[in-house]
Amino acid sequence: MQEQTQEQTQPQGQTQRRTRQRKRRQGRRPGRNAPPRLLVATALVALLTACGGAGGRGGGSGADSPDLPVAGTHWTIGAVTSDGVRSAAPDGARIDFGTDGTARGSTGCNAFASDVVLSGDTLTVSARDKSETACPEDAVRFETVWTKAFAGPLRGTLKGPRLTLTAPDGRYVLELTAEPAAPLRGTTWRIDGLVSGATVSSLPGDSGTKARLVIGEDGRVTGNLGCNNFSATARTAGGTLTVEGPVATTRMMCTGLRMRLETRLYELLGGPLTYRLDHRVLTLTDASGEGLTATAAKPGDR
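This structure is a prediction, so every number in the text was calculated from the model and none was measured. (Residues numbered from 1 in each chain as written. Predicted model: local features only at pLDDT ≥ 70, side-chain atom pairs only at ≥ 80, totals over all residues. Heavy atoms only, no water.)

Colleague: Would you mind going over the nonpolar core with me for this structure?
Modeller: Note that soluble globular proteins tend to have their nonpolar side chains buried in a common cluster. Of all hydrophobic cores here, the largest spans 27 residues; its most connected members are I191, L213 and L265. Of all the secondary structure elements, the ones that give two or more residues to this core are β10 (188-196), β12 (212-215), β14 (229-237), β15 (240-249), α4 (256-268), β17 (281-285) and β18 (290-296). (Core = buried A, V, L, I, M, F, W, Y, C linked by side-chain atoms within 4.5 Å. Buried < 20%, exposed > 50% of the residue type's maximum accessible area, 1.4 Å probe, protein only. Helix = DSSP H or I, 4+ residues; strand = E, 2+ residues; numbered from the N terminus.)

Dropping the structure here:
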């Protein structure tokens, strides 16, 4: 009787062990018979991982944002605000951003050059050099403000044709407007510099306030030499401007700086001149390297 009971008990124990082993094997199958809490936890981990990956790519400090598209562009300087006081720029104030990490231009008084490092929407400016020419008092005041403002880190905001540069503390705000290129013919070119070899100098004093020239579609060159108006017939070919025939001028009496400027410009027009057009700047030089630079006048400035 005891042996029979033992035989009956042994199959029952084996059956229980086989049942437990089968349950353990089923529990190891992914997603099958898993407890509800485990499924929820797994889904939550997957969701958080996906969100964290997306945030790492799209969020952050903006270090991966594209640079402002200013390289190779040309701008008119409109005004500078310093400590809440806005100063309008004089005629001829402009700035060109090169593709080589430089910025060159004019304050409306002296020419300047700076190094510019562009990172995202921030330009970091380091002054390189500036010409030293005496200028009218209002132009000197603006130049002083511009020189202080156009330095260090500046955040750029581009809206249509307008670029605004702002200092980190908001003390300085610089207003720039995109410049269209000027054609050689039909443009009023304001003479603003004298060339001697590799050197370009500003016109002395206020001698060049009237000096300008227009190369017309009809083959004539007209303008002012600093004192007297002039006109002549000219032709352009192969990068050369040649005045043909005598230069006719008015007969006003001029003295001092204006007379010296007029004499030099008159002599330049006596022979062929090589011209170079760079956006809105025209350079004319003779065979000896002497010449002039001129900037396209603003619309309505004649």
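Once you've had a look at it, read on.
Colleague: Teacher, can you tell me more about the packing of aromatic side chains here?
Modeller: Where two aromatic rings form a pair, the distance of their centres and the angle of their planes describe that pair. Within this structure, the stated rule accounts for 3 aromatic pairs. Geometrically, the ring pair formed by F112 and W146 is tilted, given 5.8 Å between the ring centres and 45° between the ring planes. Of this pair, F112 sits in strand β5 (residues 111-119) while W146 is found in helix α3 (residues 137-149), placing the two residues 34 residues apart along the sequence. An identical accessibility class is assigned to F112 and W146; each is buried. Ring geometry for F112 against F150: centres 6.2 Å apart, planes inclined by 65°, an arrangement best described as edge-to-face. With F112 in strand β5 and F150 in the loop between α3 and β7 (152-159), this residue pair connects regions lying 38 residues apart in the sequence. (Phe/Tyr/Trp six-rings, centres within 6.5 Å; stacked < 30°, edge-to-face > 60°.)

Colleague: Which parts of the structure should I look at to understand empty space enclosed by the protein?
Modeller: Picture a little ball the size of a water molecule; that probe, rolled over the atoms, points out where space is still empty. Scanning the model with the defined rule gives 3 cavities of 30 Å³ or more in all. Computed from the structure, the largest cavity encloses a volume of approximately 110 Å³. Around the largest cavity sit 13 residues that line it, and G92, E179, T295, A296 and K298 are the ones nearest its centre. By residue class, the composition of the lining of the largest cavity is 3 nonpolar, 3 polar and 7 charged. (1 Å grid on protein atoms, 1.4 Å probe; cavity = no way out; pocket = protein on both sides within 12 Å on 5 of 7 lines; lining within 4 Å. Points joined across faces, edges and corners; volume = space filled by probe spheres on them. Nonpolar A, V, L, I, M, F, W, Y, C, P; charged D, E, K, R; others polar.)

Colleague: Help me out: how do you make sense of the pattern of salt bridges in this one?
Modeller: Opposite charge on two side chains permits them to pair, given that their charged atoms come into close proximity. The final tally for this structure, using the stated rule, is 10 salt bridges. For R141, the salt bridge identified is with E137, shortest N-O distance 3.1 Å. With a gap of 4 residues between them, R141 and E137 both fall in helix α3, about one helical turn apart. Taking relative accessible area as the criterion, R141 reaches 48% and is therefore assigned partly exposed. E137 gets classed as exposed once you look at its relative accessible area, which sits at 60%. In this structure, E179 engages R280 in a salt bridge whose closest nitrogen and oxygen atoms are separated by 4.0 Å. Residue E179 is located in the loop between β9 (172-178) and β10, and its partner R280 is located in the loop between β16 (273-278) and β17; the two are separated by 101 residues in the primary sequence. (Salt bridge = Lys/Arg side-chain N within 4 Å of Asp/Glu carboxyl O.)

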